[in-house]
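# Notes for the structure review
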Amino acid sequence: MATPTFEQLLEAGCHFGHLKRKWNPAMAPYIFMERNGIHIIDLYKTAAKLDEAAAALKNIAKQGKKVLFVATKKQAKQVVADKAATVNMPFVIERWPGGMLTNFPTIRKAVKKMTTIDRMTKDGTFDNLSKRERLQISRQRAKLEKTLGSIADLNRLPSALFVVDVLKERIAVAEANRLGIPVFAMVDTNSDPSGVDFVIPCNDDASKSIELVLDTVVAAMAEGLEERKVEKVDTEKDAPAADAAPRRERRRVRRSDVEPEAAAAPAEEAAPAAEEAAE
């Protein structure tokens with residue numbers, strides 16, 4: 001798991017914060033200096049925090065758990081969708097549906113509705129509807145796909161949230177905090193980091209900055225998934241050997257049970273013959 005160097009972070013523009021008048025005082029520990037009215041983020045702290053977040057996300061992925069990526073701002077949408085898809089993680093890049101976490105069963109019902117519409121299309125029920133009904137259902141399906149299509153495989157609440165710009169995604173962060181779901185986030189100088197468990201102080205507006213951070217965390221998660229596969233294969237290889245040992249023991253037990261009986265039988269037959277000889 002490689003953490004970006006100071007030079008790579010600098011080149012991507014991760015150090016640029018917001019204007020001083022827009023800053024959030026809670027971000028003071030991560031600010032290096034002010035230049036021309038703009039706050040400059042301390043990239044050494046960015047590198048350290050990014051490394052810490054990547055290690056935690058790797059561990060979550062290794063356990064087979066899901067991380068929900070959230071980014072609805074224009075410059076982050078496509079990057080998040082592409083990177084999250086590479087590790088088969090759910091993501092939200094359109095409007096955050098209110099209650100998506102706190103009212104998760106209702107969201108699941110909407111996802112199941114998509115499945116129902118797909119089933120209608122396959123079994124021919126859809127073709128028996130009127131033209132108007134087909135149009136309405138098609139529009140409904142397209143709307144659901146746009147909003148919830150990327151979380152269709154999310155059958156339970158995610159184990160963590162990764163957020164780009166906590167100020168814009170404050171509702172998602174609030175819902176995660178309410179449910180005790182850990183939040184990983186890129187936090188700029190104008191945002192409040194208090195609701196974030198793993199703060200990555202960084203420019204959350206530049207596409208290069210967003211891409212560099214996502215490359216790092218996604219690569220760490222890919223490592224975790226790969227290690228999970230390796231461990232699973234090793235476990236499956238060891239399982240037959242473990243099962244074979246008890247079988248051998250059972251076979252030994254059967255032989256040990258039979259042999260004394262076989263040895264005792266001739267002795268019992270010989271006893272009457274010995275008595276007859278004595279008489």
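Check the entry above for the structure.
Model, not experiment: these values are computed from the prediction. (Residues numbered from 1 in each chain as written. Predicted model: local features only at pLDDT ≥ 70, side-chain atom pairs only at ≥ 80, totals over all residues. Heavy atoms only, no water.)

To continue, consider the nonpolar core. Ranked by size, the top nonpolar core spans 37 residues in total, and within it Val67, Phe69, Val80 and Phe162 carry the most contacts. Examining the composition of this core, we find that 8 residues originate from one element, helix 2 (residues 43–62), more than from any other. If we skip the residues at most four places from it in the chain, Val67 touches Leu57, Ile60, Met89, Pro90, Ala160, Leu161, Phe162 and Met221. With 29 residues, the next largest nonpolar core counts Met27, Ile107, Leu148 and Val183 among its residues. (Core = buried A, V, L, I, M, F, W, Y, C linked by side-chain atoms within 4.5 Å. Buried < 20%, exposed > 50% of the residue type's maximum accessible area, 1.4 Å probe, protein only. Helix = DSSP H or I, 4+ residues; strand = E, 2+ residues; numbered from the N terminus. Contact = heavy atoms within 4.5 Å.)

Bringing the side chain of Glu175 into the picture now. Looking at where Glu175 falls in the secondary structure, it is placed in helix 6 (residues 170–179). Within the structure, the side chain of Glu175 is placed 2.8 Å from the backbone nitrogen of Leu101, a separation counted as a polar contact. Discounting residues that sit within four places of it in the chain, Glu175 has contacts with Trp96, Pro97, Gly98, Gly99, Met100, Leu101 and Thr102. (Polar contact = N/O pair within 3.5 Å; in protein donor to acceptor, adjacent residues only side chain to side chain.)

Between helix 4 (residues 104–123) and helix 5 (residues 131–148), whose axes approach to 10 Å, the crossing angle comes to 135 degrees. If you check the angle between helix 4 and helix 5, you find them oblique. The crossing of helix 4 and helix 5 is left-handed. Between helix 4 and helix 5, the contacting residues are Ile107, Ala110, Val111, Lys113, Met114, Ile117, Asp118 and Met120 on the first element and Ile137, Gln140, Arg141, Leu144, Glu145 and Leu148 on the second. By residue class, the composition of the contact of helix 4 with helix 5 is 9 nonpolar, 1 polar and 4 charged. (Axes fitted to C-alpha atoms, helices over the stretch in contact; angles between N-to-C directions. Parallel < 35°, antiparallel > 145°, perpendicular 65-115°, else oblique. Left-handed = near helix turned anticlockwise from the far one by under 90°. Nonpolar A, V, L, I, M, F, W, Y, C, P; charged D, E, K, R; others polar.)

With that settled, the discussion passes to the environment of Lys20. With respect to the helices and strands, Lys20 occurs in the loop between strand 1 (16–19) and strand 2 (31–35). On the basis of relative accessibility, which here comes to 41%, the residue Lys20 falls in the partly exposed class. A sequence separation of 15 residues divides Lys20 from Arg35, and the C-alpha atoms of the two residues are 9.2 Å apart. Beyond its immediate stretch of four places on either side in the chain, Lys20 contacts Glu34, Gly37 and His39.

What follows is about the pattern of salt bridges. Side chains that differ in charge, positive against negative, can pair when their charged atoms come close. Under the definition given, this model contains 13 salt bridges. Where Lys58 meets Glu223, a salt bridge forms, and the shortest distance between an N and an O atom there is 3.3 Å. Taken as a pair, Lys58 in helix 2 and Glu223 in helix 7 (residues 207–278) lie far apart in primary sequence, 165 residues in all. Relative accessible area serves as the criterion here: at 19%, Lys58 is assigned to the buried category. (Salt bridge = Lys/Arg side-chain N within 4 Å of Asp/Glu carboxyl O.)

This part takes up the state of the cysteines. In a disulfide, the sulfur atoms of two cysteines are held together by a covalent bond. One pass over the full model with this rule turns up 0 disulfides. Residue Cys14 stays outside any disulfide, its sulfur separated by 3.8 Å from that of Cys202, the closest cysteine. (Disulfide = S-S within 2.5 Å.)

Ordered in space as 5-4-6-7-8, the 5 strands form an open sheet in which the pairing is parallel. Bordering the open sheet on either side are strand 5 (91–92) and strand 8 (198–201), each of which pairs with just one other strand. (Pairing = 2+ DSSP bridges.)

Most of strand 7 (residues 183–187) is tucked away, with 5 of its 5 residues classed as buried. Going residue by residue along strand 7, you find Val183, Ala185 and Val187 tucked away on one face and Phe184 and Met186 tucked away on the opposite face as well. Here strand 6 (residues 160–164) pairs with strand 7 via 4 bridges, running parallel. Counted as the bridge partner of Leu161 is Val183 from strand 7. Each parallel crossover has a hand, and the one from strand 6 via helix 6 to strand 7 is right-handed. Bridge count between strand 7 and strand 8: 4 bridges; the pairing is parallel. Following the sheet pairing, Phe184 is matched in strand 8 by Phe198. (Right-handed = clockwise from strand over helix to strand, strands pointing away.)

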